[in-house]
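Working through the structure, step by step
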Amino acid sequence: MELIKQKKQLEAQFSGIILESSIHKNVISLKIEFGTAEKISKHFIRLGYSLANLFAVQINKPRHPFVITYLFSDVQTGCFISLSMETGSAPEFPSIAVAVPSASQYEREIHDLFGLFPIGHPDPKRLIFHHNWPKDMYPMRDEYPSFHKPEWANEPISFKEIFGTGIFEIPVGPVHAGIIEPGHFRFSLAGEPILNLEAQLYFVHKGIEKLCQGKTIEHCYFISERISGDETIANSMAYCQAIEAISDLQIPMRAAYTRVIFAELERLISHFGDLAGVCTDVAYGFAASQFNMIRDWCFAIADILCGRRFMRSVNQPGGIRKDFLNGKEAQLIAKIKEIEKELHDTENIVMQNSLFADRIENTGILKSSIANDLHAVGPAARASGIQYDVRRTFPYAAYGKLALQIPVMIDGDVNSRVKVKLFECYQSIQLICDAAASIPDGPIHEEIPHIPSGSFGYGIVESPRGENIHYVKIGENNTICRYKIRTPSFCNWPALCHAVQGNIVPDFPLINKSFNLSYAGNDL
């Protein structure tokens, strides 16, 4: 009833702008007049909504060949507002990036992939493509062949330049020491303090969204869980939820509880890796080895449950592939309790070390206002005072039936991000134990029915890095027409560039690790 009331209020307030409206589950969909997105977007921003996604879909109408979709989330009521706007015959659309700063990255992405120019964008430089990608070639358009390899070009890409006495630049990457993935970082400094950081990513852009076009629902599931190796469960679950939302399908409760257990185990693995990395970057070897040891215990539990340390082929649309918990509940709880004890002892040693505290306190501060403007998500946002967690606001799987506390800090520094992740580790341990103790008997899977062409839906989960949203539109014969993936790293990379300002270059690896951003999960 609340959604119906809200829809009617919007129709009355924006009469003449809203052309069509509908409600499906917790999404209010509004079709709006071309050029009116900024006006309505400002209204939602004033209400405290966040821009959760922005993407284009090709529809091949003669006069309106593309649709731009803006997805706003209301964390207070747990609903989404989807604005869709058909473009005109010209390959352009009005930018909303000045009014909604978090829209900037999305609009640049649309320009690179679809060739639709965001008019009025404050910095419309390339986002995905580098100097070797030719002009006027847009791979997400239907007419672009999936496996076409273009001739290399030489299009210069500019970086922001800061001038003045004593100002200089340090370029870092894209090749880094060790096994880290590629990314180029350009620091502008005045002496030691960092004035500006500009990140050039997408060196490992894989064309996943194009690859999924025309593939079957089952085929695309296997692609979704390979987006980023350390977010296998999060990405595959978001994809499954999108398919299940389109199908109006409720998965069995045993499958729902199992998904919680695997999702929280993946969160533990991710957070322990982050904590170990932070300790490594401050040369605290003992602490790093402790967290890595506990992380390896979690990998061993995953191997016991499903035979795969990275937990692939656990989910499937409609539930899970196998009853992985059958007869293993007590063993799982016992091993998780061992991890809890070791974590408690390690935390007491690590967090009382004054030298460690000195390195992480007041380092890499992300201000709450900037986190809000850029729609930072996950532990990075919660460490900056934003009390938002998908598991509570948009409950999925069995989270609505389990107790969940959301840790929030206000300082926004490395110390806050470390403390948030430590709290979340204890929370994940409790969730796993509660889910394993109360998991009901019953089936683990429901068959996906035939889905009408043109149907679409969203899947949203709280991955270890934060809010993760997948959009799926179905084509003919249960194939994928459009698959739009927005992982948390896409939102948090710009936030990292702000957090390093005022710090020194040797602190960058530490700040970077405290965010734990994914290259593979960003460079889709």
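Attention in this report is confined to the structure presented alongside it. (Residues numbered from 1 in each chain as written. Predicted model: local features only at pLDDT ≥ 70, side-chain atom pairs only at ≥ 80, totals over all residues. Heavy atoms only, no water.)

**Examining the overall build of the chain**
Along the chain, the regular secondary structure elements total 16 helices and 15 strands. In summary, the chain has a C-alpha radius of gyration of 23 Å against a globular reference of 24 Å for 524 residues, a match within 12%. Projected onto its principal axes, the C-alpha coordinates of the chain cover approximately 70 × 65 × 45 Å. Counting every position in the chain, which comprises 524 residues, the buried fraction comes to 57%. For the chain, long-range pairs separated by at least 24 residues make up 67% of all intrachain contacts whose partners lie at least 6 apart in sequence. Surface summary for the chain: the accessible area is close to 21,300 Å², and the carbon and sulfur share equals 53%. A distance of 3 Å separates the average location of the 50 positive side-chain charges in the chain from that of its 58 negative side-chain charges. (Helix = DSSP H or I, 4+ residues; strand = E, 2+ residues; numbered from the N terminus. Rg over C-alpha atoms; globule rule 2.2 N^0.38 Å. Buried < 20%, exposed > 50% of the residue type's maximum accessible area, 1.4 Å probe, protein only. Contact = heavy atoms within 4.5 Å. Areas by Shrake-Rupley, 256 points an atom, 1.4 Å probe, with all protein chains shown as cover. Lys, Arg positive; Asp, Glu negative; His and termini not counted. Charge placed at Lys NZ, Arg CZ, Asp CG, Glu CD.)

**A word on the sheet that holds strand β3 (residues 50-58)**
The strand order across the open sheet built from five strands is β1-β2-β5-β4-β3, with neighbouring strands paired in mixed fashion. A strand with exactly one partner marks an edge of an open sheet, and here the two such strands are β1 (18-24) and β3. Taken pair by pair, the neighbouring strands of this sheet meet at an average axis angle of 20 degrees, ignoring direction. The pairing of β3 with strand β4 (residues 66-74) spans eight bridges and is antiparallel. (Pairing = 2+ DSSP bridges. Axes fitted to C-alpha atoms, helices over the stretch in contact; angles between N-to-C directions.)

**Here's the deal with the environment of Ala234**
Along the polypeptide, Ala234 turns up in helix α6 (residues 232-247). Between the alpha carbons of Ala234 and Ser22 there is a distance of 28 Å; along the sequence they are 212 residues apart.

**Comments concerning empty space enclosed by the protein**
Applying the stated criterion across every chain yields a total of seven cavities of 30 Å³ or more. Here the largest cavity defines a volume of roughly 60 Å³. Lining the largest cavity are 13 residues, with Pro379, Lys421, Pro464, Arg465 and Phe515 positioned closest to its centre. Where the lining of the largest cavity is concerned, the elements lending two or more residues are α7 (253-281), α12 (378-382) and α16 (508-515). If you tally residues by element for the lining of the largest cavity, the top one is α7, at three residues. Across the lining of the largest cavity, the residue classes tally to five nonpolar, five polar and three charged. (1 Å grid on protein atoms, 1.4 Å probe; cavity = no way out; pocket = protein on both sides within 12 Å on 5 of 7 lines; lining within 4 Å. Points joined across faces, edges and corners; volume = space filled by probe spheres on them. Nonpolar A, V, L, I, M, F, W, Y, C, P; charged D, E, K, R; others polar.)

**Remarks on the nonpolar core**
With 144 residues, the main nonpolar core has Tyr70 and Phe272 as its most contacted residues. Sort the elements by how many residues they give to this core and α7 lands first, with 15 residues. Every residue in contact with Phe272, bar those within four places of it in the chain, is listed here: Phe291, Ile294, Arg295, Cys298, Ile339, Leu343 and Cys425. With 19 residues, the next largest nonpolar core counts Ile208, Ile243, Val472 and Ile474 among its residues. (Core = buried A, V, L, I, M, F, W, Y, C linked by side-chain atoms within 4.5 Å.)

The values reported here are purely geometric and, on their own, carry no functional implication.
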